[in-house]
Amino acid sequence: MNNPPRRGFAGFMRALGRSINVVRLVIINVVFFGILFLILGLMFRGAPKVGPDTVLLLKPEGQLVEQFSVDALARAAARASGQPVGQVQVRDLVAAIDHATHDARITRILIDPSNLQLGGMGALEEVGAALDRFRASGKPVIAWGTQFNQMQYLLAAHANEVLLDPAGSISVNGLSDYRSYYKGLLDKLGISAHLFRVGEFKSAAEPFILDGPSPASLEADKYWMGGLWNTWLDEVGKLRHIDPATLGQQIDNLPAEIPAAKGDVAQLALKLHWVDGLATREDVVRMMQKHGVATANDTAFRAVDLDHYLPQTVDLGVGKPQVAVIVAEGDIVSGRQPAGKIGGESTAALIRAARADRNVRAIVLRVDSPGGEAFAAEQIRREVVLAQKAGKPVIVSMGDLAASGGYWISMNAHRIFAEPDTITGSIGIFGLYFTASDGLAKLGINTAGQGTTPLAGAMDPRRPLDPALGAMIQSTIDRGYRQFVGNVADARGKSYAEIDAIAQGRVWSGTQALQRGLVDELGGLHDAIAYAAKDAKLGDDFAVRYFQPPVSLWQRFLMGAGASASARMLSSLGLGLPKAWLIAAPKLLPELAWLQQAMPGKPTPYAYCFCRLQ
């Protein structure tokens, strides 16, 4: 008699459970889809509206790079806190300028390169060329800053009008390449550096065996740096309508001219026609208001900055044939590496992926590298060859630097573009090995024992170098050099002797390399992409797609969040970016930073060049 009530209660509980479960699922789905829509909104948020008579305001801060090496979380945190990321991509500046060229709402560009850090001239030329295209459309470019170094000034010179703050300055000192030498220190420590190399001018590891540069090194450095300096003078002279010889003389006379001007560098720059006028920030604002639209409070003008204008430039290129761009920037090392370094496996995998992609018709390899491990470079070179055998032309675009291993990965391209001021060449190879038997002996430590063969324990850094081992290492370095030169000769259609004569580890400017047949044409990434599209018969309707290590959904969310005002609360979590100068400043002792790769007991062959400008 009691069963019906029990069944009724049980039914009630089952119904209640189902109801709770339905409510739970509804809540979960609401939360899930809410978060999903938030992520999608941040990732693909609409670009802000740009009104008529708008000024594109470019104030890049940090190091000019081909590809971010700062991770997504750090970039998002920096943007959320209103701090500079510390790096600016060349492609972003160029994309914004080129898009603004055809955007009727953008009437002019105001650029302030005072906080842009430039390691070389090649990437800068790419941005300068974009400014030239903007000017050619009939729209003016105005450059203003508080102080310019010589590279920032080279970029500013591309403007119709260059303005300098009355309290500002321009610092032009010429080019240099000074290095630290460690032989004296190693001698005191009882550490012996054993250098195995081929190439009279292959001076990369000289700081470990000499107290100063060799005569051959000085000769080569003077020649390639002289070529780059002449390019700087020619370009600035052309842009500023000053005879290059006169400009060079003005710079040489600065030690006398600045004291004569009582230290007023801004007035001296005006006198020398390096700038067109002196203006404070307020003066520039009034100038922009005169030619544009003032804000409601009359303290600014209608403008859009790089971060907010960049979304306007996005072209997904759906259904279009593609030119793939792969960035090879940084040292070449083995294995898989993050952005900012070139991994033998990871960069080769990117080329392989582009080769396998049916939408990709041509590949542009953008190289900015001093080289690194020879085998890692060879892995990448092989993929370049395979891509071309698959019918996809590979075009190389050299940026600031494509020397030694950087040239190794470039040599087999269908066509090689370099800027006049690219640093390239350095076709040579070396191995470096250290032993510390003398240093240990000074501490009263001796090493002794037994081995089953003459070579057993020969690579122990506690023991002196066995001459037989040294001969073996040198023979592998000799073979590596022959392979390097032979491959260049085959790729460039020259004899071994012809390439050997211009190799020997010698560095050349882009112009000098063109004269010697190491590159095919002077031009930038824009020119290389245009050539690749033409060579693949794509016409004008094609898309440019950057192949790079995959970015996770979470990383894309972070980057979208970092640029949104609502997500600035991230900054309160203390997710800060290392100081920008730590990221961008050139290392004081680059040889020691590189030395961590030369592991004890591992005399790895390297194709490397310490030839970045200072």
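In what follows, the accompanying structure is described. Within each chain, residues carry numbers counting from 1 in the order of the written sequence. Since the coordinates come from a predicted model, pLDDT governs what is reported: local features require at least 70, and pairs of side-chain atoms require 80 or more to be given and counted, while whole-chain, interface and lining totals use all residues. Side-chain numbers come from the whole structure's heavy atoms, not from hydrogens or water.

**So, the overall build of the protein chain**
And then number 1: A tally of regular secondary structure across the protein chain gives 23 helices and 23 strands.
And then number 2: Within the protein chain, the fraction of its 614 residues that count as buried is 50%.
And then number 3: Any two residues whose heavy atoms approach within 4.5 Å are treated as being in contact. The contacts of the protein chain with a sequence gap of at least 6 include a subset with a gap of at least 24, amounting to 77%.
And then number 4: Summed over its atoms, the accessible surface of the protein chain is roughly 28,800 Å², and 57% of this surface lies on carbon and sulfur atoms. What counts as a helix is a DSSP run of H or I of at least four residues, what counts as a strand is a run of E of at least two, and both are numbered from the N terminus. To sort residues, take the accessible area from a 1.4 Å probe on protein chains only and compare it with the maximum for the residue type: under 20% means buried, over 50% means exposed, and anything in between is partly exposed. Exposure was quantified through the Shrake-Rupley algorithm and a 1.4 Å probe, taking into account, for residues, occlusion by the shown protein chains and nothing else.

**Regarding the nonpolar core**
Inside soluble globular proteins, nonpolar side chains tend to come together where they are buried.
And then number 1: What is meant by a nonpolar core is a set of buried Ala, Val, Leu, Ile, Met, Phe, Trp, Tyr and Cys residues, joined one to another through side-chain atoms within 4.5 Å. In terms of nonpolar packing, the biggest core is built from 64 residues, with Ile109, Ile170, Trp232, Ile251 and Trp274 touching the most fellow members.
And then number 2: With 7 residues, helix H7 (residues 215-240) is the largest single contributor of residues to this core.
And then number 3: Setting aside anything within four residues of it in sequence, one finds Ile170 in contact with Phe148, Tyr153, Leu164, Val265, Ala269, Trp274 and Val275.
And then number 4: Membership of the second largest hydrophobic core comes to 53 residues, among which are Val367, Tyr407, Ala489 and Leu518.

**A closer look at the sheet that holds strand S3 (residues 86-89)**
And then number 1: Sheet architecture is open: 3 strands sit in the order S3-S2-S5, paired in parallel fashion. The open sheet has two edge strands with one neighbour each: S3 and strand S5 (116-117).
And then number 2: Pairing between two strands requires that DSSP report at least two bridges joining them. Two strands pair when backbone bridges link them, and strand S2 (residues 62-65) and S3 are joined in this way by 4 bridges, in the parallel orientation. Within S3, the position partnered with Val65 by the bridge is Gln89.
And then number 3: Under this scheme, a helix contributes an axis fitted over its contacting stretch, all axes are lines through C-alpha atoms, and angles between N-to-C directions fall in the 0 to 180 degree range. Set on the sheet, helix H3 (residues 90-101) makes contact with S2 and S3; between it and S3 the angle comes to about 50 degrees.

**Details of the side chain of Lys139**
And then number 1: Relative to the helices and strands, Lys139 is located in the loop between helix H4 (122-136) and strand S6 (141-149).
And then number 2: Here a polar contact is taken to be a pair of N or O atoms separated by no more than 3.5 Å, where protein atoms must pair a possible hydrogen donor with a possible acceptor and residues adjacent in sequence count only if both atoms sit in side chains. At 2.8 Å, the side chain of Lys139 and the backbone oxygen of Ile106 are in polar contact.

**Describing the packing of helix H13 (residues 344-356) against helix H14 (residues 374-389)**
And then number 1: Running from N to C, H13 and H14 point in directions that differ by 5 degrees, and their axes come no closer than 8 Å. The pairing of H13 with H14 is recorded here as roughly parallel in orientation. Contacts between H13 and H14 involve Gly344, Glu345, Thr347, Ala348, Ile351, Arg352 and Arg355 from the first element and Ala376, Gln379, Ile380, Glu383, Val384, Leu386 and Ala387 from the second. Under this scheme an angle from 65 to 115 degrees is roughly perpendicular, one under 35 degrees roughly parallel, and one over 145 degrees roughly antiparallel; angles in between are oblique.

**Some thoughts on the sheet that holds strand S9 (residues 277-278)**
And then number 1: Across the sheet, 6 strands lie side by side as S9-S7-S6-S4-S1-S10; this open sheet has parallel pairing. Strand pairing shows two members of the sheet lacking a second neighbour, S9 and strand S10 (303-305), which therefore form its edges.
And then number 2: Packing against the sheet, H3 makes contact with strand S1 (54-58) and strand S4 (106-111), and its axis sits at approximately 165 degrees to S1.

**Notes on the environment of Ile416**
And then number 1: Checked against the element boundaries, Ile416 lands in strand S17 (residues 415-418).
And then number 2: The exposure class of Ile416 is buried, given its relative accessible area of 0%.
And then number 3: Leaving out residues up to four positions away in the same chain, Ile416 has contacts with Val396, Met398, Tyr407, Ser410, Met411, Arg492, Leu518, Val519, Asp520 and Glu521.

**Quick look at the packing of aromatic side chains**
And then number 1: In this scheme Phe, Tyr and Trp rings, the latter by its six-membered ring, pair at centre separations within 6.5 Å, and the angle between planes marks the pair as stacked below 30 degrees, edge-to-face above 60, and tilted otherwise. Using the criterion set out here, one finds 7 aromatic pairs in the structure.
And then number 2: Plain terms: the ring middles of Tyr223 and Trp508 are 5.9 Å apart, the flat faces sit at 90 degrees to each other, and that makes the pair edge-to-face. Linking Tyr223 in helix H7 with Trp508 in strand S20 (residues 507-509), this pair joins segments that are 285 residues apart in sequence.
And then number 3: A ring pair is formed by Trp408 and Phe484, whose centres lie 4.4 Å apart and whose planes are at 35 degrees; its orientation type is tilted. With Trp408 in helix H15 (residues 405-408) and Phe484 in helix H17 (residues 467-492), the pair connects residues that are 76 residues apart, well separated along the chain. Like Trp408, the residue Phe484 is buried in the burial classification.

**Topic: the packing of H7 against helix H8 (residues 244-252)**
Any two packed helices are characterised by how steeply their axes cross, that is the angle between the axes, and by the distance between the axes.
And then number 1: Direction vectors running N to C along H7 and H8 enclose 110 degrees, while the axes themselves pass 8 Å from each other. Here H8 runs roughly perpendicular to H7, going by the angle between their axes. As H7 packs across H8, the resulting crossing turns out to be right-handed. Taken together, the residues of H8 that come into contact with H7 (itself represented by Trp229, Trp232, Leu233, Asp234, Val236 and Gly237) are Pro244, Leu247, Gly248 and Ile251. Each crossing gets its hand from how the near helix is turned against the far one by less than a right angle, where anticlockwise is left-handed and clockwise is right-handed.

**Side note on the pattern of salt bridges**
And then number 1: When a carboxyl oxygen of Asp or Glu is within 4 Å of a side-chain nitrogen of Lys or Arg, the pair counts as a salt bridge. Taken as a whole, this structure holds 16 salt bridges when the rule is applied.
And then number 2: Its salt-bridge partner being Glu378, residue Arg381 comes within 2.8 Å of it at the nearest N-O pair. Highlighted residues: Arg381 and Glu378, both in helix H14, separated by 3 residues, approximately one helical turn.
And then number 3: For Arg381, a relative accessible area of 12% corresponds to the buried category.
And then number 4: According to the relative accessible area criterion, Glu378 is buried, its value standing at 4%.
And then number 5: A network of salt bridges, in which partner residues are shared, links Arg352, Arg355 and Glu383.

**Focus on the pairing of S17**
And then number 1: Where strand S16 (residues 394-403) lies against S17, 4 bridges are found, and the strand directions are parallel. Bridge pairing in S17 places Ser397 opposite Phe417.
And then number 2: Where S17 and strand S21 (residues 521-522) come together, 2 bridges link them in parallel fashion. Across the sheet, Ala418 pairs through a bridge with Leu522, a residue of S21.

**What to know about H17**
Along an α-helix, a turn takes 3.6 residues, which lines up residues three or four apart on a common side.
And then number 1: Here H17 spans 37 Å end to end across 26 residues, near enough to the 38 Å set by a 1.5 Å rise per residue.
And then number 2: Where H17 starts, the residue carrying a side-chain oxygen 2.8 Å from the main-chain nitrogen of Ala468 turns out to be Asp466.
And then number 3: Gly493 sits one or two positions beyond H17 and adopts a positive phi of about 65 degrees. Expected helix span is taken as 1.5 Å per residue step, with the number of steps being one fewer than the number of residues.

**Observations concerning H3**
And then number 1: With 12 residues, H3 should cover 16 Å at 1.5 Å per step; its first-to-last C-alpha distance of 17 Å lies within 8% of that length.
And then number 2: With 9 of its 12 residues buried, H3 lies for the most part within the structure.
And then number 3: Along H3, the positions that sit buried rather than exposed are Val90, Arg91, Asp92, Leu93, Val94, Ala96, Ile97, Ala100 and Thr101.

**As for unusual backbone geometry**
Excluding glycine, residues mostly have negative phi values, and the peptide bonds linking residues are mostly trans.
And then number 1: Unusually for a residue other than glycine, Ser404 sits at a positive phi of about 55 degrees.
And then number 2: Note on placement: Ser404 falls in the loop between S16 and H15.
And then number 3: Positive phi values are uncommon outside glycine, yet Lys537 reaches one of about 60 degrees.
And then number 4: Mapped onto the elements of the fold, Lys537 is located in the loop between helix H20 (525-535) and strand S22 (543-547).

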